[in-house]
Amino acid sequence: ILQQLHNSKVEDVGQKKKLKLSEVIKAKICIIRFMRRFGCLLCKLGASETSDLKTILDETYGEEQVQLVGIGFDELAYDQFLQGKFFSGKIYLDSTKQVYRSMGIGREGMCGYWKSQFKKRFKEATAKGYTYNMEGDHKQFGGTFIVAEGKGVLFKHTQRNYGDEPDRDCLLYTSDAADDLLCVDLGGRRIIKKK
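First things first, this report covers the structure right here in the doc.

1. Details of the pairing of strand β2 (residues 17-20)
In terms of strand pairing, strand β1 (residues 9-12) meets β2 through four bridges, oriented antiparallel. Its bridge partner being in β2, Val10 is matched across the sheet by Leu19. As consecutive antiparallel partners, β1 and β2 are separated by four residues, and within that stretch Lys16 has a phi angle of approximately 55°, a positive value.

The structure is reproduced here in structure tokens:
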């Protein structure tokens, strides 16, 4: 997985330049968040929660040691997403969705909107005042990966339905593994075993 990530190319929107992810990942711990749609209020909620997580990790490791990278697949509602400051990391584009496919991030039919997990997250997002639009590819899922320098991919979470997010405690334990790699693989989701 790490080799695929490092060799995958994304676009720096501001510079209109293609970069390998190996050129993008610079910190000891890198949390990579694959977005569904920039106009999706669940994506805004998840991105905001991931940014909150970085604040916690910064206190433990130092701001320079933890990096957030966002990856989206089109520029629809991109500017509004940036203006809303939902995500504190830099965002890149994978317009061909090649990185999404190589990382095993799948797709869903429209019926996913009616599942209980979606409804719960929808209520959380609207309670925070987040708005949404219906532009873009509704079927594309997102995901979250954690990469640690010298230790590879410590965590992989690919969404299985709308509103499916990794447990924050699992992410924190995984990030701690950058110092102490003690992990267990559960159903394809790599988490860190509690001590």
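The rest of the description comes next.
2. Let's talk about empty space enclosed by the protein
The method is simple in principle: a probe with the dimensions of a water molecule rolls over the atoms, and the space it marks as empty is what remains. In total, this model carries two cavities of 30 Å³ or more according to the counting rule given. A volume near 100 Å³ is recorded for the largest cavity. Arg33, Arg36, Cys43, Gln159 and Glu165 are, among the 16 residues lining the largest cavity, the residues nearest its centre. When contributions to the lining of the largest cavity are tallied by element, the ones reaching two or more residues are β3 (29-34), α3 (41-61) and β6 (143-148). A per-class count over the lining of the largest cavity returns six nonpolar, six polar and four charged. Taken as a whole, the second largest cavity spans an internal volume of roughly 30 Å³. In terms of lining, the second largest cavity is formed by Arg37, Phe38, Gly39, Asp74, Leu76, Ala77, Asn133, Glu135 and Gly136. Looking at the lining of the second largest cavity residue by residue, the class counts come to three nonpolar, three polar and three charged.

Conventions and cut-offs
- Residues numbered from 1 in each chain as written.
- Predicted model: local features only at pLDDT ≥ 70, side-chain atom pairs only at ≥ 80, totals over all residues.
- Heavy atoms only, no water.
- Pairing = 2+ DSSP bridges.
- Helix = DSSP H or I, 4+ residues; strand = E, 2+ residues; numbered from the N terminus.
- 1 Å grid on protein atoms, 1.4 Å probe; cavity = no way out; pocket = protein on both sides within 12 Å on 5 of 7 lines; lining within 4 Å.
- Points joined across faces, edges and corners; volume = space filled by probe spheres on them.
- Nonpolar A, V, L, I, M, F, W, Y, C, P; charged D, E, K, R; others polar.

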